Amino acid sequence: MSKKIAIVTGASRGIGRAIAKMLAENNYIVIANYFRSEEEATDLQNKFDNIDIFKADVSKREDVKKLVEYTLNKYKKIDILVNNAGIDQEKLFQEITDEDWNSVINTNLFSVFCTTQEVVKNMIHNKNGCIINMSSIWGLVGASCESIYSISKAGIDAMTKSLAKELGPSNIRVNSIAPGFIDTDMNKEYSKDDINNIKQDIPLQKIGQPEDIAKCVKWLVEDEYTTGQVIAIDGGWQIH
Ligand code: NAP
């Protein structure tokens, strides 16, 4: 059987990097997308024979088209898409500018719409596919001072459910993962004291590691009967 081909967006650092490594360790061929962190992406590629890297700003349709064209020209099919790339922004609602809105929505939500649209044509043709969208618990419960971020993630979850219904008959599964507080650069502004306070609110009393999210991706890519779900991996932080 031919090896499965996976695209992971935002795979240079953090959660995406852990997902790319996990897939490579499990014999998938991974196209690890990056945008600004060329050095980290090259380091990842050097560590695995089955990781290929591709620079693209996934908030831009023309870049996404190039990423998908590159993958199909070289590997002929796409089995797995992990829409992971994302940015965060903390601001009071009344201080948010139109530029802030466009930046977060385009990077977090338009990218998922656009990448999925470009990839799914091949998946529908093959009647096979697994799409995993990186959401956030804030998409489920809303975060104070992170409203655009929360909106972008809630949009992703709605897309996940709609596409699970629309693409299920083509044997394509679509799910969201909603991480809680994960130890990556995205949270590097938090002090030790902030993190200790957050830990006290988490039933499992610890923050998550990128590998905790990669384990859920491993399960989802192997599973055959789960679709349309938003799976919170948050140590129980936001049980609802
Ligand atoms: P991170 O450490 O800041 O890494 C973000 C990744 O996204 C980087 O690889 C970055 O690539 C990539 N990226 C950003 N803008 C991009 C663009 N326009 N085009 C292509 N790639 C882009 O963040 P993380 O914590 O791993 O977050 C990954 C995902 O998990 C995000 O969707 C985030 O919202 C979600 N999440 C994170 C947490 C958390 O606590 N960390 C919680 C919930 C959800 P370059 O550096 O190469 O530009």
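Definitions and cut-offs
- Residues numbered from 1 in each chain as written.
- Predicted model: local features only at pLDDT ≥ 70, side-chain atom pairs only at ≥ 80, totals over all residues.
- Heavy atoms only, no water.
- Helix = DSSP H or I, 4+ residues; strand = E, 2+ residues; numbered from the N terminus.
- Buried < 20%, exposed > 50% of the residue type's maximum accessible area, 1.4 Å probe, protein only.
- Contact = heavy atoms within 4.5 Å.
- Areas by Shrake-Rupley, 256 points an atom, 1.4 Å probe, with all protein chains shown as cover.
- Lys, Arg positive; Asp, Glu negative; His and termini not counted.
- Charge placed at Lys NZ, Arg CZ, Asp CG, Glu CD.
- Near = heavy atom within 4 Å.
- Polar contact = N/O pair within 3.5 Å; in protein donor to acceptor, adjacent residues only side chain to side chain.
- Core = buried A, V, L, I, M, F, W, Y, C linked by side-chain atoms within 4.5 Å.
- Phe/Tyr/Trp six-rings, centres within 6.5 Å; stacked < 30°, edge-to-face > 60°.
- Salt bridge = Lys/Arg side-chain N within 4 Å of Asp/Glu carboxyl O.
- Axes fitted to C-alpha atoms, helices over the stretch in contact; angles between N-to-C directions.
- Parallel < 35°, antiparallel > 145°, perpendicular 65-115°, else oblique.
- Left-handed = near helix turned anticlockwise from the far one by under 90°.
- Nonpolar A, V, L, I, M, F, W, Y, C, P; charged D, E, K, R; others polar.

(A) Region of interest: the overall build of the protein chain. Assigned secondary structure in the protein chain consists of 8 helices and 7 strands. Dimensions along the principal axes, computed over C-alpha positions, put the protein chain at roughly 50 × 35 × 35 Å. By residue count, 53% of the 240 residues in the protein chain fall in the buried class. A sequence separation of at least 24 residues applies to 70% of the contacts in the protein chain between residues at least 6 apart. With the model as given, the accessible surface of the protein chain reaches about 12,000 Å², and the carbon-plus-sulfur share is 49%. The centroid of the 28 positive side-chain charges in the protein chain is displaced by 7 Å from the centroid of its 34 negative side-chain charges.

(B) Up close: the site of the ligand. Taken together, 31 residues lie around the ligand, and Arg36, Ser37, Asn84, Tyr149 and Thr184 are the ones closest in. Residue isoleucine 15 places a main-chain N or O atom 2.8 Å away from an oxygen atom belonging to the ligand. At a separation of 2.9 Å, an oxygen atom of the ligand approaches a polar side-chain atom of lysine 153. Broken down by secondary-structure element, the contributors of at least two residues to the shell around the ligand are helix H1 (14-25), strand E2 (29-34) and helix H6 (147-167).

(C) Inspection of the nonpolar core at higher detail. Residues Ile19, Leu23, Val30 and Ile51 are the most contacted members of the largest nonpolar core, which totals 33 residues. Elements with a contribution of two residues or more to this core: strand E1 (5-8), H1, E2, helix H2 (38-47), strand E3 (51-55), strand E4 (80-83), strand E5 (129-134) and helix H8 (210-222). It is H1 that contributes the most residues to this core, 7 residues altogether. Ignoring anything within four residues of it in the chain, the contact list for isoleucine 51 reads Ala20, Lys21, Ala24, Val30, Ala32, Leu44 and Gln45.

(D) Representation of the packing of aromatic side chains. A complete count under the given rule lists 5 aromatic pairs for this structure. Seen from their ring centres, phenylalanine 110 and phenylalanine 113 are 5.8 Å apart, and the 50° between their planes marks the pair as tilted. In this pair, phenylalanine 110 and phenylalanine 113 both sit in helix H4 (residues 98-126), 3 residues apart, roughly one turn of the helix. Ring centres of phenylalanine 181 and tryptophan 237 lie 6.4 Å apart, and the angle between their planes is 75°; on these two criteria the pair is classed as edge-to-face. Residue phenylalanine 181 is located in the loop between strand E6 (172-179) and helix H7 (192-201), and its partner tryptophan 237 is located in the segment after strand E7 (230-233); the two are separated by 56 residues in the primary sequence.

(E) How the structure looks around the pattern of salt bridges. The tally for this structure, following the rule as stated, stands at 12 salt bridges. Across the salt bridge formed by aspartate 52 and lysine 74, the nearest N and O atoms sit 3.0 Å from each other. Here aspartate 52 is found in strand E3, whereas its partner lysine 74 is found in helix H3 (residues 61-75), with 22 residues between them in sequence. We classify aspartate 52 as buried; its relative accessible area is 7%. The class of lysine 74 is partly exposed, set by a relative accessible area of 47%.

(F) Molecular detail of the packing of H4 against H6. The interhelical angle for the contact between H4 and H6, taken along N-to-C directions, is 15°, at an axis separation of 9 Å. The orientation of H4 relative to H6 falls into the category roughly parallel. Along this stretch, H4 crosses H6, giving a crossing that reads as right-handed. Residues Asp100, Trp101, Val104, Ile105, Asn108, Leu109, Val112, Phe113, Thr116, Val120 and Ile124 of H4 lie in contact with H6, whose contacting residues are Ile148, Tyr149, Ile151, Ser152, Lys153, Gly155, Ile156, Met159, Leu163 and Leu167. Tallied by class, residues from the contact of H4 with H6 come to 15 nonpolar, 4 polar and 2 charged.

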